[in-house]
Amino acid sequence: MAQIVGVRFKTAGKVYYFDPCGFDINGGDFVIVETARGVEIGEVAMDRRDMPESKISSPLKKVLRPASEDDLARSRQNREKEKTAFDVCSKKIAHHKLDMKLISVEYTFDSNKIMFYFTSDGRVDFRDLVKDLASIFKTRIELRQIGVRDEAKMLGGLGICGRCLCCKSFLGDFHPVSIKMAKEQGLSLNPTKISGNCGRLMCCLKYEQEAYEYLLARTPNVGAIVATQEGQGVVTGVGLLKGRVKVRLDNGNDSDLKDFGVDEVRLLKNASKRRGGDSGLDAAALKHLED
């Protein structure tokens, strides 16, 4: 067993494991740690705990010390310098007429490197831009191209639900999202209704999928033949989240439409295919919404 502590460097960012080195640190504390990028400051997101070494993929880097007031002040100064660097880089991009959109700027804790994150539809020759930035800031410069999902996570915003974007507020990692998930959840396959601010499928389709898979497994499809306490019938409608089905009963020459709970019906013959959301586009036309 190895003792670890979880550290996060950005809001809703990924949690990385570090060796606490015996320091008395708790959730919410700030610490100075050694990373692949150099010395960084991060927030403790997971208290100290023992973890099997088999679950730790690489040798743990160390917590150098709890952050002092001077460390926190230096971090705040870096955040202010990032704003200046953003303005300078934006002007240089316009000067060189580069087809790129600057998204964010990040100083390492020790100010030995500045990272500029940008988006672009294609490859960008930014060698002259890097030379200009290095001559101005007198430090190492790194330009990193990111995707539209990372852009949304950095910038934030409100989703169609009216809440802060999931990726900005609590989702640490992105997971693959597919059109199949939208179909199984009975959503309209209208790109404007199933895509987020990034123009890709909404992340919430993924973390709700497990619940839908459970409900789909125990709910008859539309068109299925079922037995009820009032006789045999055909399922004509499904209320998946409510756990209800509408059944058209066959009572001789008369047909009755009744509402039953999923536990009140017994499946005799399921329909061959579950009906998904309606769309005038086929799956191939919606493929660009996936990662």
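Quick note: structure is the one above.
About the criteria used
Position numbers for residues start from 1 in each chain and track the written sequence from start to end. Given that the model is predicted, a residue must reach a pLDDT of at least 70 before its local features are reported, and side-chain atom pairs must reach 80 or more before they are shown or counted; all residues, however, enter totals for whole chains, interfaces and linings. Based on all heavy atoms of the structure, the side-chain values leave hydrogens and waters out of the count. Think of a salt bridge as a Lys or Arg side-chain nitrogen and an Asp or Glu carboxyl oxygen that are within 4 Å of each other. Two strands make a pair as long as DSSP finds a minimum of two bridges between them. Here a strand is any run of E in DSSP of at least two residues, a helix any run of H or I of at least four, and the numbering for each starts at the N terminus. Each axis is a line fitted through C-alpha atoms, taken for helices only over the stretch in contact, and angles between the N-to-C directions span 0 to 180 degrees. Only heavy atoms matter for contacts: two residues are in contact if any of them lie within 4.5 Å across the pair. Note on terminology: pairs of cysteine sulfur atoms within 2.5 Å are recorded as disulfides. Working definition: with a 1.4 Å probe on protein chains only, accessible area under 20% of the residue-type maximum means buried, over 50% means exposed, and in between means partly exposed. Polar contacts, as used here, are pairs of N or O atoms within 3.5 Å; protein pairs need one atom able to donate a hydrogen and one able to accept it. Residues neighboring in sequence count only if both atoms are side-chain atoms. Arc definition: it is the arc formed by the directions from the helix axis to the C-beta atoms. Any pair of Phe, Tyr and Trp rings, taking the six-membered ring for Trp, is counted once the centres come within 6.5 Å. Such a pair is stacked with planes under 30 degrees apart, edge-to-face with planes over 60 apart, and tilted for the rest. Whether a charge lies above a ring is judged from NZ of Lys or CZ of Arg, which has to be within 6 Å of the ring centre and within 35 degrees of the ring normal.

## Brief notes about the pattern of salt bridges
For the structure on display, the rule yields 13 salt bridges. Sharing partners across several salt bridges, the network here consists of Lys113, Glu142 and Arg144.

## Remarks on the sheet that holds strand 8 (residues 140-145)
Pairing is mixed in the open sheet, where three strands are placed in the order 6-7-8. Where the open sheet ends on each side, the last strands, each with one partner, are strand 6 (101-107) and strand 8. Adjacent strand axes in the sheet meet at a mean angle of 20°, parallel and antiparallel pairs treated alike. Both strand 6 and strand 7 (residues 113-119) contribute to a ladder of six bridges, which runs antiparallel. Pairing of Ser104 across the sheet is with Tyr117, part of strand 7. The sheet strands contacting helix 2 (residues 127-137) are strand 6, strand 7 and strand 8, and the helix crosses strand 8 at an angle near 140°.

## Overview of the state of the cysteines
Counting across every chain of the model gives zero disulfides. This cysteine, Cys167, is not joined by any disulfide, and Cys203 carries the nearest cysteine sulfur, 5.7 Å off. Looking at Cys167, the relative accessible area reads 8%, which means it is buried. Left unpaired, Cys198 is separated from the closest cysteine sulfur, that of Cys203, by 6.4 Å.

## A short note on the environment of Lys101
Assignment of secondary structure puts Lys101 in strand 6. In this structure, Lys101 is in contact with Tyr117, Phe118, Thr119 and Glu151, ignoring residues within four places of it in sequence. A polar atom in the side chain of Lys101 sits 2.8 Å from the side chain of Glu151.

## Digging into helix 2
Helical periodicity: at 3.6 residues per turn, an α-helix aligns residues three or four positions apart in one direction. All buried positions along helix 2 are accounted for by Leu129, Leu133 and Phe137. Projected down its long axis, helix 2 shows its buried positions confined to an angular sector of 50°, all on one face. For helix 2, the exposed residues lying more than 90 degrees away from the buried face are Arg127 and Lys131. Buried residues in helix 2 make contact with helix 1 (69-96), strand 6, strand 7 and strand 8.

## Thoughts on the sheet that holds strand 3 (residues 30-35)
The strand order around the closed barrel formed by five strands is 1-2-5-3-4, and the pairing between neighbours is mixed. Put simply, the sheet's adjacent strands are angled 55° from each other on average, direction ignored. Bridge count between strand 3 and strand 5 (residues 61-66): three bridges; the pairing is antiparallel. Of the residues in strand 5, the one forming a bridge with Val33 is Val63.

## Considerations on the pairing of strand 10 (residues 231-239)
Side-chain direction in a regular strand flips from residue to residue, so the side chains alternate between the two faces of the sheet. Across four bridges, the pairing between strand 9 (residues 225-228) and strand 10 is antiparallel. Paired with Ile225 across the two strands is Val234, which belongs to strand 10. Connecting the antiparallel pair strand 9 and strand 10 is a turn made up of two residues. Taken together, the six bridges between strand 10 and strand 11 (residues 244-251) define a ladder with antiparallel strand orientation. From the neighbouring strand, Gly233 faces strand 11, where its bridge partner is Leu249. Where strand 10 hands over to strand 11, the hairpin turn is made up of four residues, of which Gly243 adopts a positive phi near 70°.

## Concerning the packing of aromatic side chains
Counted according to the given criterion, the structure contains five aromatic pairs. Between Phe9 and Tyr16, the aromatic rings sit 5.9 Å apart at their centres with planes inclined by 50°, giving tilted as the arrangement. On the basis of relative accessibility, which here comes to 40%, the residue Tyr16 falls in the partly exposed class. Aromatic side chains Phe9 and Phe18 sit 6.1 Å apart centroid to centroid with 80° between the ring planes, which places their arrangement in the edge-to-face category. By relative accessible area, which is 4% here, Phe18 ends up buried. An aromatic cluster is built from Phe9, Tyr16 and Phe18, whose rings are joined through pairwise contacts. Over the face of the ring belonging to Phe109 we find Arg74, whose NZ or CZ atom lies 5.1 Å from the ring centre. Lys153 extends its terminal NZ or CZ atom over the ring of Phe174, reaching a point 5.9 Å from the ring centre.

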